[in-house]
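As a plain string of letters, each chain reads:
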Amino acid sequence: MRADRLVAVLLLMQSRGRVTAAELAAELEVSVATARRDLEALSTAGVPVYPQPGRHGGWSLVGGARTDLSGLSATEAQALFLLLGPAATGSAEAKAALRKLLRALPAPFRTGAQAAAAATLVDPAGWGELDRDRPPGVSRLQDAVVRQRRIRFRYRDADREADPWGLVDKNDVWYLIAGTDRGRRTFRVDRMTSVAVTEQSFERPADFVLDEAWRQVVGEVEEKRAGTWATLLIDERFVWVLRGHFGRHCEVVAADGGRARVRVGAPTPRDIARTLSGWGSAVQVEEPPAVRAELARIGAELVALYQTQESYDRAAS
């Protein structure tokens, strides 16, 4: 039988207490014979259902047994455990919760859900990067967000108070979106110290949606991160490498004959020049002049430094 129909059958039996094959067939829009086979398949699979013969008979869950499925289909259960599995790797409490959720599923779902939970491992550290430790205040802040309790903390050498509305984990860097007396603010958690959760409650704004608020924050930050734009020429084969350096602030304007004209953005001309200087003659900056001037300055400093060093080495030998 189909897994989603199995869930539907169980939910119907939970809500009605007893169903006949004919009632089941009408609800699921299948034949009576198919409905009867589904019920028999449930019993064979170990689900505690049993038939009661007679005029007022039907099929029931043994002892009124119930299951907290919330309407999950087999594919939905697998999708849930694909998400929960990686999230549980670093927490004993999360692992215990995952085991309990797994046991709450019907036996036919458990193998697939268990495989889904173990199918993915998330390694947040990039190649050559050190593992980042989770900021010690995250758990305390999560509790404050859930219980809607005002917090006190120090941030940039100042005492603050705020209503914690939501937390965001962006590439292993945590941020708090909170309400303050100056309106909504975003704080980087690893820069928050002396965090204390008070017993003063607050009401989160009814129109606050965390993902929408975060998209707005990202938009504002990215706009500031691209205060300067430069246009350059590069071999088309290396555009993907350039995009790795500049991310979303890398736009291909045109490509022809193996060469690509690309726009890249960063906060200042110096930031762009620092990133491009290692490319040498592989990139040719067309504009603005400020970026070309920064590249020329960096090049002149390097030439002066290493020509002097080479002259010193020759004299010493």
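Residues numbered from 1 in each chain as written. Predicted model: local features only at pLDDT ≥ 70, side-chain atom pairs only at ≥ 80, totals over all residues. Heavy atoms only, no water.

Asks: Could you clarify how one ought to interpret the packing of aromatic side chains in this entry?
Replies: Two aromatic rings, taken as a pair, are described by how far apart their centres are and by the angle between their planes. One pass over the full model with this rule turns up five aromatic pairs. When the ring of Phe-153 is compared with that of Tyr-155, the centres are 6.5 Å apart and the planes differ by 80 degrees; the resulting orientation is edge-to-face. No difference in accessibility class separates Phe-153 from Tyr-155, as the two residues are buried. Look at Phe-153 and Phe-187: their rings are 5.1 Å apart centre to centre, the planes differ by 75 degrees, and that puts the pair in the edge-to-face class. With Phe-153 in strand S4 (residues 149-155) and Phe-187 in strand S7 (residues 183-188), the pair connects residues that are 34 residues apart, well separated along the chain. You'll find Phe-153 and Phe-187 in the same group, each marked buried. A network of ring pairs unites the aromatic residues Phe-153, Tyr-155 and Phe-187 as a single cluster. (Phe/Tyr/Trp six-rings, centres within 6.5 Å; stacked < 30°, edge-to-face > 60°. Buried < 20%, exposed > 50% of the residue type's maximum accessible area, 1.4 Å probe, protein only. Helix = DSSP H or I, 4+ residues; strand = E, 2+ residues; numbered from the N terminus.)

Asks: Honestly, the sheet that holds strand S11 (residues 259-266) in this entry has me stumped. Any pointers?
Replies: Strand pairing in a sheet relies on backbone hydrogen bonds. The paired strands run either parallel or antiparallel. With respect to topology, four strands assemble into an open sheet ordered S10-S11-S9-S12, the strand pairing being antiparallel. The open sheet has two free edges, formed respectively by strand S10 (250-256) and strand S12 (283-287), since each of these has just one partner strand. The sheet shows a mean angle of 25 degrees between the axes of neighbouring strands, taken without regard to direction. Inspection of the sheet shows S10 paired to S11 by six bridges, in the antiparallel sense. Among the inter-strand pairings, Val-252 is bridged to a residue of S11, identified as Val-262. Running at roughly 5 degrees to S11, helix H9 (residues 239-246) makes contact with strand S9 (228-235), S10 and S11 of the sheet. Sheet contacts for helix H10 (residues 269-276): S9, S11 and S12; angle to S9, the most-contacted strand, approximately 20 degrees. (Pairing = 2+ DSSP bridges. Axes fitted to C-alpha atoms, helices over the stretch in contact; angles between N-to-C directions. Contact = heavy atoms within 4.5 Å.)

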